[in-house]
Amino acid sequence: KEMFAGTGIEITTEGKRYLGAVLGEKEFRDQYVSGLVTKWCEELQQLTEIARDDPHIAYAAYTYGLSCKWIFFQRTVRDTSDLYQPLEDAIRSEFIPAILGREVNEQERQILELPCRMGGLNIINPVKAAEKHYTDSKHVTETLCQLIKLQNMNLVEGELQQARAEVRTRSKYVVGEHEKELKQERNSMLDNIASPSRRCIELASEKGASVWLTTLPLSQFGFHLNKLEFRDSICLRYGWPIKNVAEYCECGESNTIDHSLNCKLGGFVHIRHNEIRDTEAEFLSEVCKDVRIEPQLQQCNPALLPQTSNTAADARLDFCGRGFWRPIQQAYFDVRVVHANSPSFMNTPVENVYKQHENAKKNSIQQKSDRS
């Protein structure tokens, strides 16, 4: 300090903020991170207020924005996991109830920590994740740290390429190990969850089942869900009761989620099917010619068809187009909507449910469509 006195250079033995992180003694680091946690809790409180009116926007802002702030610090500052407890308390007791419209128990909180692709909501527990983030970051950047310590200003291109390759290799290893740990954690959870909820998580883990959660809620493309739509979609995802629903259906049956998805009254089953059919036909029209909805199949001798085939004179498929498999050749497509979470399928593996309905469709119309 005496040597640099009067130069304007500040000398400290406690610690200092550096490149967005913090260096120094543990007491200084803890004090600095605690101040940031307090600030993040205040920002989370503001986001919680938004979530009460627009949970979809708040959820996207949290996963793509706010949570990234403390994830960065967790990667650069060690031994701070316990300092994030106030943040986790705010997430658990205020933010999650605000976006879901309901409280969650400990088991449900653990499920929500999982990535969306594994049936969760990617609302990570900052206390549990802190040390993991730091050790992973340290492992990936170890090669770069060694180069920095050498203080060699004349590195050849070969050494730089080798360092980049090493970082990529270590990154892939960390991602792979993290994926294994998440799968083990998920499987352990599923072993302790009742059958209906377990099936819901299995279905939520299907490929593409969580795209609506990981896509930015852009209103101009119709990706934004209002408060009721978002919360009801979350309830359907996990099999939770939906609020403010009539006790009985208009048909007289108890108005459960299972009944609502299967009741023919009102035409909602057909509307759901036709929405998928029309969307896929619209996409097909961008790459194929002569796209038609519900094309009629040609009549043929029923004796030439299997007994399970649809032999009606006006038999139709959902849509068709030319040039999908081969130039000019007509390709036919059919849609079937399956409620894989119904009681009759509860003990059947999801992939077997899909295969069963796929085979039923093929047996019904494939040979007749091949002759059209």
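## What to know about the overall build of the protein
Now for step 1: Along its length, the protein carries 13 helices and five strands.
Now for step 2: A compact globule built from 372 residues should have a C-alpha radius of gyration of about 21 Å, whereas the protein, at 28 Å, is more than 25% larger.
Now for step 3: Taking the principal axes of the C-alpha coordinates as reference, the protein spans close to 105 × 60 × 40 Å.
Now for step 4: A total of 372 residues make up the protein; the buried ones form 35% of that total.
Now for step 5: Once local pairs closer than 6 in sequence are excluded, the contacts in the protein between residues at least 24 apart make up 61%.
Now for step 6: Roughly 23,100 Å² of accessible area belongs to the protein as shown, and the carbon and sulfur atoms make up 52% of that amount.
Now for step 7: Counting 46 positive and 52 negative side-chain charges, the protein places the centres of these two groups 6 Å from one another.

## Quick word on helix α4 (residues 106-113)
Now for step 1: All buried positions along α4 are accounted for by Glu108, Arg109, Ile111, Leu112 and Glu113.
Now for step 2: Each element contacted by the buried residues of α4 is listed here: α3 (85-100), α5 (126-140), α7 (157-191), α8 (195-204) and α10 (227-238).
Now for step 3: Regarding α4, its N-cap is Asn105, as a side-chain oxygen of that residue lies 3.2 Å from the backbone nitrogen of Gln107 further along.

## Comments concerning the sheet that holds strand β4 (residues 319-322)
Now for step 1: If you walk across this open sheet you meet the three strands as β3-β4-β5, and the pairing is antiparallel. Each of the sheet's edge strands pairs with one partner strand only, and the pair in question is β3 (289-293) and β5 (330-333). Sheet twist, expressed as the average angle between the axes of neighbouring strands with direction ignored, equals 15 degrees.
Now for step 2: Its contacts with the sheet place helix α12 (residues 268-284) against β3, β4 and β5, and it is angled at close to 5 degrees to β4.

## What to know about helix α2 (residues 55-76)
Now for step 1: In this model α2 runs 31 Å from its N-terminal to its C-terminal C-alpha over 22 residues, within 8% of the 32 Å that 1.5 Å per residue would give.
Now for step 2: The largest bend along α2 reaches roughly 50 degrees and is located at Tyr62.

## Brief notes about the pairing of strand β2 (residues 21-24)
Now for step 1: Direction of pairing for strand β1 (residues 15-18) relative to β2: antiparallel, over a ladder of four bridges. Bridge pairing in β2 links Gly15 to Gly24.
Now for step 2: Counting the residues in the hairpin turn of β1 and β2 gives two residues, including Leu19, whose phi is positive at 50 degrees.

## Describing the state of the cysteines
Now for step 1: By the definition in use, this model includes zero disulfides.
Now for step 2: Here Cys249 is not disulfide-linked; the sulfur of Cys251 is the nearest cysteine sulfur, at 3.6 Å.
Now for step 3: Looking at Cys249, the relative accessible area reads 18%, which means it is buried.
Now for step 4: Looking at the unpaired Cys320, the closest cysteine sulfur is the one in Cys288, lying at 9.8 Å.
Now for step 5: You can call Cys320 buried: its relative accessible area is 0%.

## Quick notes on the pattern of salt bridges
Now for step 1: Tallying each qualifying case throughout the model produces 21 salt bridges.
Now for step 2: The closest approach of N and O atoms between Asp136 and Lys132, which form a salt bridge, is 3.3 Å. You can see Asp136 and its partner Lys132 sitting in helix α5, four residues apart, about one turn around the helix.
Now for step 3: Between Asp290 and Arg292 there is a salt bridge, with the nearest N and O atoms lying 3.7 Å from each other.

## Details of the side chain of Arg277
Now for step 1: Mapping Arg277 onto the fold places it in helix α12.
Now for step 2: On the accessibility criterion, Arg277 (8% relative accessible area) is buried.
Now for step 3: Setting aside residues no more than four positions away along its own chain, Arg277 makes contact with Ile293, Glu294, Asp318, Phe319 and Val335.

## As for the side chain of Arg29
Now for step 1: If you trace the backbone, Arg29 turns up in helix α1 (residues 26-51).
Now for step 2: It turns out Arg29 is buried and unbridged, and the closest side chain with the opposite charge, Asp79, is 5.1 Å from it.
Now for step 3: A polar side-chain atom of Arg29 sits 3.2 Å from the main-chain carbonyl oxygen of Arg78.

Reading guide: rules and limits
- Residues numbered from 1 in each chain as written.
- Predicted model: local features only at pLDDT ≥ 70, side-chain atom pairs only at ≥ 80, totals over all residues.
- Heavy atoms only, no water.
- Helix = DSSP H or I, 4+ residues; strand = E, 2+ residues; numbered from the N terminus.
- Rg over C-alpha atoms; globule rule 2.2 N^0.38 Å.
- Buried < 20%, exposed > 50% of the residue type's maximum accessible area, 1.4 Å probe, protein only.
- Contact = heavy atoms within 4.5 Å.
- Areas by Shrake-Rupley, 256 points an atom, 1.4 Å probe, with all protein chains shown as cover.
- Lys, Arg positive; Asp, Glu negative; His and termini not counted.
- Charge placed at Lys NZ, Arg CZ, Asp CG, Glu CD.
- Polar contact = N/O pair within 3.5 Å; in protein donor to acceptor, adjacent residues only side chain to side chain.
- Pairing = 2+ DSSP bridges.
- Axes fitted to C-alpha atoms, helices over the stretch in contact; angles between N-to-C directions.
- Expected span 1.5 Å × (residues − 1).
- Bend = angle between axes of the 7 residues up to and from the residue.
- Disulfide = S-S within 2.5 Å.
- Salt bridge = Lys/Arg side-chain N within 4 Å of Asp/Glu carboxyl O.

What is shown is where atoms sit, not what they do.
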